[in-house]
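Observations on chain architecture
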Amino acid sequence: MSSIHKLFEIRVVAALAAMGALAACGPGEQAASDATPASPASRVSEQAITAAEAITGDEIRRVIAEISADSYGGRLPGSEGEAKARAFLAAELATIGFEPAGPDGSYEQIMELVGVTTNAPATWRFDRQGSTVELARSTDFIAASGLQAPSAGVENAEVVFAGYGIVAPEYDWNDFKDVDVRGKVLIVLNNDPDWDPALFDGVTRLYYGRWMYKYESAARQGAAGVIIVHTTPSAAYGWNVVQSSWSGPQYELPAGDEPRSAVEAWVTEDAVRRLLGPEHDLDALVAQARSRDFKPVSLGITTSLALTTTLSRTPTANVLGVLRGSDPALADQHIIYTAHYDHLGTGEPDADGDTIYNGARDNASGVGMVLAIGRAFAALPERPRRSIMLALVAAEEQGLIGSQYYAQHPTMLPGLIAANINYDSGNIWGETRDITYIGLGKSTLDAVAGEVAAYQQRVVKGDQFPDRGMYYRSDQFNFAKIGVPAFYFSGGTDFVGRPEGWGTEQINLYTDQNYHQPSDELTPEWNFAGMVQDARFGFHAGLILANDDALPQWNAGNEFEAARLAALAAAGLR
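Residues numbered from 1 in each chain as written. Predicted model: local features only at pLDDT ≥ 70, side-chain atom pairs only at ≥ 80, totals over all residues. Heavy atoms only, no water.

Okay, the overall build of the protein next. Of regular secondary structure, the protein possesses 15 helices and 24 strands. Against the compact-globule benchmark of 25 Å for 574 residues, the protein has a radius of gyration of 24 Å, which places it among compact chains. For the protein, the residues scored as buried account for 59% of the 574 residues in total. Within the protein, contacts between residues separated by at least 24 positions form 81% of all contacts whose residues are at least 6 apart in sequence. Put simply, the protein shows about 21,300 Å² of open surface, and 51% of that area lies on carbon and sulfur atoms. The average position of the 42 basic charges and that of the 72 acidic charges among the side chains of the protein differ by 3 Å. (Helix = DSSP H or I, 4+ residues; strand = E, 2+ residues; numbered from the N terminus. Rg over C-alpha atoms; globule rule 2.2 N^0.38 Å. Buried < 20%, exposed > 50% of the residue type's maximum accessible area, 1.4 Å probe, protein only. Contact = heavy atoms within 4.5 Å. Areas by Shrake-Rupley, 256 points an atom, 1.4 Å probe, with all protein chains shown as cover. Lys, Arg positive; Asp, Glu negative; His and termini not counted. Charge placed at Lys NZ, Arg CZ, Asp CG, Glu CD.)

We now examine the nonpolar core. Core analysis: the biggest nonpolar cluster contains 164 residues, and Trp266, Tyr337, Phe377, Phe487 and Phe539 have the highest contact counts within it. In this structure, Val322, Val393, Val484 and Ala571 belong to the second largest nonpolar core, which totals 16 residues. (Core = buried A, V, L, I, M, F, W, Y, C linked by side-chain atoms within 4.5 Å.)

One can describe the packing of helix α11 (residues 445-456) onto helix α14 (residues 529-547) by two numbers: an axis separation of 10 Å at closest approach and a directional angle of 130°. One element, α11, and the other, α14, form an angle in the oblique class. Crossing angle aside, the handedness with which α11 passes α14 is right-handed. Touching Leu445, Val448, Ala449, Glu451, Val452, Ala453, Tyr455 and Gln456 of α11 are Gln533, Arg536, Phe537, His540, Ala541, Ile544 and Leu545, all from α14. Here the residues of the contact of α11 with α14 are counted per class, giving 10 nonpolar, three polar and two charged. (Axes fitted to C-alpha atoms, helices over the stretch in contact; angles between N-to-C directions. Parallel < 35°, antiparallel > 145°, perpendicular 65-115°, else oblique. Left-handed = near helix turned anticlockwise from the far one by under 90°. Nonpolar A, V, L, I, M, F, W, Y, C, P; charged D, E, K, R; others polar.)

Per the counting criterion, the structure on display carries four cavities of 30 Å³ or more. For the second largest cavity, the calculated volume is near 60 Å³. Every residue along the wall of the second largest cavity is listed here: Gly366, Met369, Tyr423, Asp424, Ser425, Gly426, Asn427, Phe489, Ser490, Gly491 and Asp534. Put simply, the parts of the chain that give the lining of the second largest cavity at least two residues each are α9 (360-379) and β24 (486-491). The dominant element in the lining of the second largest cavity, judged by the number of residues it contributes, is β24, at three residues. (1 Å grid on protein atoms, 1.4 Å probe; cavity = no way out; pocket = protein on both sides within 12 Å on 5 of 7 lines; lining within 4 Å. Points joined across faces, edges and corners; volume = space filled by probe spheres on them.)

Moving on, we come to the layout of surface pockets. Approximately 600 Å³ is the volume attributed to the second largest pocket. Lining the second largest pocket are 30 residues, with Gln243, Trp246, Ser247, Gly248 and Glu348 sitting closest to its centre. For the lining of the second largest pocket, the elements supplying multiple residues, two or more each, are β5 (108-119), β8 (141-145) and α6 (239-245). Residues that form the lining of the second largest pocket fall into these classes: 12 nonpolar, 15 polar and three charged.

Right, let's get into the packing of helix α7 (residues 269-276) against helix α8 (residues 282-289). At a minimum axis distance of 10 Å, the contact between α7 and α8 shows a crossing angle of 100°. It follows that α7 is roughly perpendicular to α8 by the angle criterion. Of the residues in α8, those touching α7 at Glu269, Val272, Arg273 and Leu276 are Leu282, Asp283 and Leu285.

Here we come to the packing of aromatic side chains. Per the stated rule, a full pass over the model turns up 31 aromatic pairs. With 4.9 Å between their ring centres and 35° between their planes, Trp124 and Phe126 make a pair best called tilted. With respect to class, Trp124 is no different from Phe126; both count as buried. Ring centres 5.1 Å apart and planes at 85° place the aromatic pair Tyr208 and Tyr213 in the edge-to-face group. (Phe/Tyr/Trp six-rings, centres within 6.5 Å; stacked < 30°, edge-to-face > 60°.)

Along the chain, Asp362 connects to Asn363 via a cis peptide bond; the corresponding omega equals 10°. Mapped onto the fold, Asn363 is located in helix α9. Of note, Gln129 is a non-glycine position whose phi angle comes to about 50°, a positive value. Residue position: Gln129 is located in the loop between β6 (123-128) and β7 (131-136). Overall, the relative accessible area of 58% leaves Gln129 in the exposed class.

The next thing to look at is helix α13 (residues 502-513). Counted at 1.5 Å a residue, the expected span for α13 with its 12 residues is 16 Å, and the 16 Å between its end C-alpha atoms agrees. Those residues of α13 that sit buried are Trp502, Gly503, Gln506, Ile507, Tyr510 and Thr511. Looking at the buried side of α13, the elements it contacts are α9. (Expected span 1.5 Å × (residues − 1).)

With that out of the way, let us pick up the pairing of β8. Most of β8 sits inside the fold, with five of its five residues counted as buried. Burial of β8 is two-sided: the residues Phe141, Ala143 and Ser145 facing one way and the residues Ile142 and Ala144 facing the other way are all buried. Note: β8 against strand β15 (residues 263-268), five bridges, orientation antiparallel. The residue of β15 that forms the bridge with Ser145 is Val263. (Pairing = 2+ DSSP bridges.)

Inspection of every chain in the model, using the stated rule, returns 25 salt bridges. When the shortest N-O distance is used, the salt bridge between Glu451 and Arg43 registers 2.9 Å. Pair noted here: Glu451 is in helix α11 and Arg43 is in the loop between β3 (30-32) and α1 (46-52), with a separation of 408 residues, a long-range link. For Lys184, the salt bridge is made with Glu158, and the minimal N-O distance between the two is 3.5 Å. One end of the pair, Lys184, is in the loop between β11 (173-174) and β12 (185-189); the other, Glu158, is in strand β9 (residues 151-161), and 26 residues separate them in sequence. Owing to a relative accessible area of 19%, Lys184 belongs among the buried residues under this scheme. Here the salt bridges share partners, and the residues they tie into one network are Glu59, Arg62, Glu92 and Arg375. (Salt bridge = Lys/Arg side-chain N within 4 Å of Asp/Glu carboxyl O.)

As a further point, take the pairing of strand β17 (residues 334-340). Buried residues dominate β17, accounting for seven of its seven residues. Residues His334, Ile336, Thr338 and His340 of β17 are buried on one face, and the alternating residues Ile335, Tyr337 and Ala339, pointing to the opposite face, are buried as well. Across seven bridges, the pairing between β17 and strand β20 (residues 387-393) is parallel. Within the sheet, the bridge partner assigned to His340 lies in β20 and is Val393. Pairing of β17 with strand β21 (residues 417-423), which is carried by five bridges, proceeds in the parallel orientation. Residue pairing in the sheet places Ile336 in a bridge with Asn420 of β21.

Next up, the structure:
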């Protein structure tokens, strides 16, 4: 059984005493208390158990209620609401005793973003052997400029089906072979090959299956445009999420010399079937793509599309605070906790007329949890040996930009970052018997997770929705790319007092109804017990790592191992 593409668990072998006192975490809610004594062999100390009581539902709720309020306008990068959120977060860091950790001595690591607002025509025309097919904007297609320029587009470009659009030498897979697709518009499938456990890790989505990779890969081949075929199973979210996520300005770091396609688009499956017509069957093309022998297929279709864009430049910032470690030999090494604070701003009204995308669960909840963890560290009678940084990062919803910028401009050598612990979208439904650790099986962090799980009497599970590719779509991915071993903790699905399957049902309902929608709001129904439980889990795990003699490592052969070894060597730690 593969440790990556199969769901597996670290189970507690030793039976612990029944958990005792319960800690209040909001009206009518309870969470497992860290007042329970740890076993003699546990590195969860009595001092840590006491300090963890600073993590409460009331504190987490307070932060969520503040930054997800309508007055913050959805926290779009560059907006007044986002600047207001940054000021609030800096004040919170100061209040809990974390010092400024920005490069200029402030709490902010400022970066400039380029906003690209694309104006697409109402219809997109395709010419197919004497007939014309027109797709309707928003209903059938979403198109954005891939260029930071006043205009972009394609003219009479040949349309080619390019399978999954993947080049992966380690899997002996190349969808392009020797076919020249320069200047052409590619139709590509979402996800990656998922039918064979030995190929692309089976149902576990890798970076090759992410929309961002599709655009990058096509651009490297010189394609003028890219169309991703949307299906809810392959995207792991509905068309409504595409509509909301790609509306309004799209923010990026200033362009470098990387290749770019002029048009980056999504099209619904039904629209693609209409586009192909009787000459080509989408199911047959998909069947062809499920082979290493696949070559791009010319569809006998041409298209033109003219996009105009409004460009803007706006500052934003990661908000950084640090609690300096106590060991002179280790204090330059850091455990970095991350949570993104941005969301989507305002957009088209929903059925209730609401235009504000509050982002309460995604990700005001993660911010509240990380700040509560900071309070627990500040409550320790003695600081940990390594330093603790809280990094509340910007522009995640735009493509992990804040953490990308930090990884490109770290405030310390990457080899001095002992580990990253990321929180994104907390558990709003209550206490669980399990915890999801996205990244399980990748590094020596697994043992620490198991140790804390034993203390909390919980089961650690790997990604419980592996087809959604969560490891590659949150901020810990950018830390992993520079070699940093990373935890990404997410709520469990085995809820106390609930029937089997209830938790998965709630998560799917949220994804279908509230994810990237104005309805992602703080409501009285939220149960903070699970967030308290998971935040305390991350606090204990980080404290163990902060006091450990050894640095965590990626498992041998892991995709990020080489970057880690190089980073440690550059920091003089190898």
